[in-house]
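Each chain is listed here by its residues.
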Amino acid sequence: MTEPERHGTQIHVGDGAAIPHRGDRGLVSAWWIAFIGALTLLVLLPLYKPDPYLAIIRFIPDGILITFQVTISSIVLAIAIGLLTGLGRISRNRCINLIASLYVEVVRGIPLLVQLFYIYFALGRIVRVPDIVAAIIAMAFCYGAYMGEVFRAGINSIDRGQAEASHSLGFNHSQTMRYIILPQAWRTILPPVGNEFIALLKDTSLVSILAVSDILRRGREYASESFNYFETYTIIALVYLLITLILSKGISIMEHRLGHYERR
Amino acid sequence: MYTRWNTLVLCLFISLFMVCQPAAANERTIVFASDATWPPMEFVDDQKNLVGYAIDMVRAIAKEGGFKVEIKNTAWDGIFAGLAAGKYDAIASSVSITETRKKSMDFSEPYYTVRQALIVRKDSSITNLADLKGQKVGGQIGTTGYFTIKAAKDLEAKSYDEIGLAMEDLNVGRLAAVICDDPVAADYALKRYRDTLKIVQIIEGDTAEQYGFAVNKGNDEVLALINQGLAAVKAKGIDKELQQKWIGQ
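Definitions and cut-offs
- Residues numbered from 1 in each chain as written.
- Chains lettered and ligands numbered in written order.
- Predicted model: local features only at pLDDT ≥ 70, side-chain atom pairs only at ≥ 80, totals over all residues.
- Heavy atoms only, no water.
- Buried < 20%, exposed > 50% of the residue type's maximum accessible area, 1.4 Å probe, protein only.
- Helix = DSSP H or I, 4+ residues; strand = E, 2+ residues; numbered from the N terminus.
- Arc of directions from axis to C-beta.
- Pairing = 2+ DSSP bridges.
- Axes fitted to C-alpha atoms, helices over the stretch in contact; angles between N-to-C directions.
- Contact = heavy atoms within 4.5 Å.
- Buried area = accessible area lost by both parts, 1.4 Å probe.
- Salt bridge = Lys/Arg side-chain N within 4 Å of Asp/Glu carboxyl O.
- pLDDT = per-residue confidence, 0-100.
- Parallel < 35°, antiparallel > 145°, perpendicular 65-115°, else oblique.
- Left-handed = near helix turned anticlockwise from the far one by under 90°.
- Nonpolar A, V, L, I, M, F, W, Y, C, P; charged D, E, K, R; others polar.

(A) Helix 2 (residues 50-59) of chain A, seen in detail. All names here are of chain A. Within the span of helix 2, buried status applies to P52, Y53 and I56. Projection of helix 2 onto a plane perpendicular to its axis shows the buried side chains occupying an angular sector of 105 degrees, all on one side. Along helix 2, the residues that are exposed and aim more than 90 degrees away from the buried face are D51 and R58.

Structure follows, in structure tokens:
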């Protein structure tokens, strides 16, 4: 008896091993390539061609400072607004719920650029705020709505049984939220908050239209005077890339640490 | 099936040719870029038309020089990069002829002379540049007005994408002063913001500042056409008429 001949397509049933998992040592880390590449270029370009690269790098440091200032102030404000909004969105109080939901719906439906113009120029006629404050308020106002959704999802992810158990132990609603739900929800919330942080940092480049002297504005000022568009925007892109790469690494380390406690 | 594909490809090619066909082959078209946020030199009126001194000037030059003209409204920041990239043949956007700019582009004969004007709020006690120590002064990015601010000592220079945004910030009090070309300053201080803003100083430079049309380095063909038309416009006194129409005095 001979074995039947095999023809046509064969389907191999695997165990999914063909898909590499994160942290596989066989994988080349895209992060390291991008990081070392960006760093090397930022160091080598000024050495290789001081004019104009060194001049550009000398021109933008105060812009980097402003970008960080706007990013950090806005993220702190946005997290506070987000927490309130997230709690408001799950509130049984109809009025609070409506206000929070309305805020999220309205803000998510308006482009950030339009919001920036609105807060800066339209409201500028009514309340006078310094440019950088207007930028921070606008960024926080917009990202507060995104954060609100992140918080709501995080709180909703905690099993209902937790709240029920807490109530049966005699905790009231706010105690339950504070001691039982939020500490657990925080683990789910932190990684997306980290991503929003990076997104916010990149979006701060929009505030350059408000004459806020961030990295991009400084770069544009340099380019408009020297006409070195290629060189200037290369450096600007590399600086942004380097900052976001460092931040994303920090966030993935943080995620890893949080995951440590979470293995279920 | 095969023939149907052929027909489709044929149709595509035909439509491609129709799109690419030049409008009129007999007359040369010169494409100008203009940042229409600079009244009264070039701006957009309430009918969304490009109007202004420079726009009329370009049309008159085209008529005298015997070429067709197309004007593209282009944002100021990047207008020179667009020229270098060949997106248009020339810039008619109140470009002052400076030594730095001459290194990367060629200029036509000058068509207008300007000076830098200092604008403040009506209630301000500032009368000249020296009074502004340590205060925020705004100008449009990459303009000679902004370079004047940068060159002055002890000022906090703020650059804006459009001069109108700087004027608004001055109007609401985020800036102590704005510096820009005098016809534009006059338009804002005497028309748009006549209740809140005033011109307090005309800053005299070392050399006269003049507007020219910019073309790419070595684009002598276009430059010659523009210069030829400009000479005819000046000879006929059309520039004086336009001055009367748009600027007055």
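(B) Structural context of the sheet that holds strand 13 (residues 197-203) of chain B. Residue and element names in this part refer to chain B. Taken in spatial order, the five strands make up an open sheet running 11-10-12-9-13, and their pairing is mixed. Each edge of the open sheet is held by one strand with a lone partner, namely strand 11 (156-160) and strand 13. Pairs of neighbouring strands in the sheet enclose a mean axial angle of 30 degrees, with direction left out of account. Bridge count between strand 10 (residues 136-140) and strand 11: five bridges; the pairing is parallel. Looking at strand 11, one finds that G138 is bridged to K158. Contacts from helix 7 (residues 182-192) reach strand 9 (116-121), strand 12 (177-181) and strand 13, with the element oriented near 130 degrees to strand 12.

(C) Spotlight on the interface of chain A and chain B. Facing the 21 residues of chain A at the interface are 26 residues of chain B. Taking both sides of the interface into account, the surface hidden between chain A and chain B amounts to around 2,100 Å²; carbon and sulfur atoms contribute 48%. Along the contact surface separating chain A from chain B lie six salt bridges. Taking the shortest distance from any N to any O, the salt bridge between D131(A) and K158(B) comes out at 2.2 Å.

(D) Examining the pattern of salt bridges more closely. All names here are of chain B. Applying the stated criterion across every chain, the model contains 26 salt bridges over all chains. K245 is the salt-bridge partner of D56, the closest N and O atoms lying 2.8 Å from each other. Here D56, found in helix 2 (residues 53-65), pairs with K245, found in helix 9 (residues 238-246); they are 189 residues apart in sequence, far enough to count as distant. Note on D56: relative accessible area 19%, which makes it buried.

(E) Looking closely at the confidence of the model for chain B. Looking at chain B, pLDDT values average 89 and 90% of them are 70 or higher. For this predicted complex, the interface confidence reaches an ipTM of 0.77, while the overall pTM sits at 0.80.

(F) Broad picture of the packing of helix 6 (residues 131-156) of chain A against helix 8 (residues 173-203) of chain A. Residue and element names in this part refer to chain A. The contact between helix 6 and helix 8 brings their axes to 8 Å, and the two run at 140 degrees. As far as their axial angle goes, helix 8 and helix 6 are oblique. The way helix 6 lies across helix 8 gives a crossing that is right-handed. Counted by class, the contact of helix 6 with helix 8 contains 17 nonpolar, two polar and two charged residues.

(G) Representation of the environment of F80(B) within the structure. You can see F80(B) is positioned in helix 3 (residues 79-84). Taking the relative accessible area as the measure of exposure, F80(B) reaches 7% and is therefore buried. When the C-alpha atoms of F80(B) and V222(B) are compared, they prove to be 16 Å apart, with 142 residues separating the residues in sequence. Discounting chain neighbours no more than four positions away, the residues touching F80(B) are F227(A), Y229(A), I91(B), V95(B), R101(B) and M105(B).

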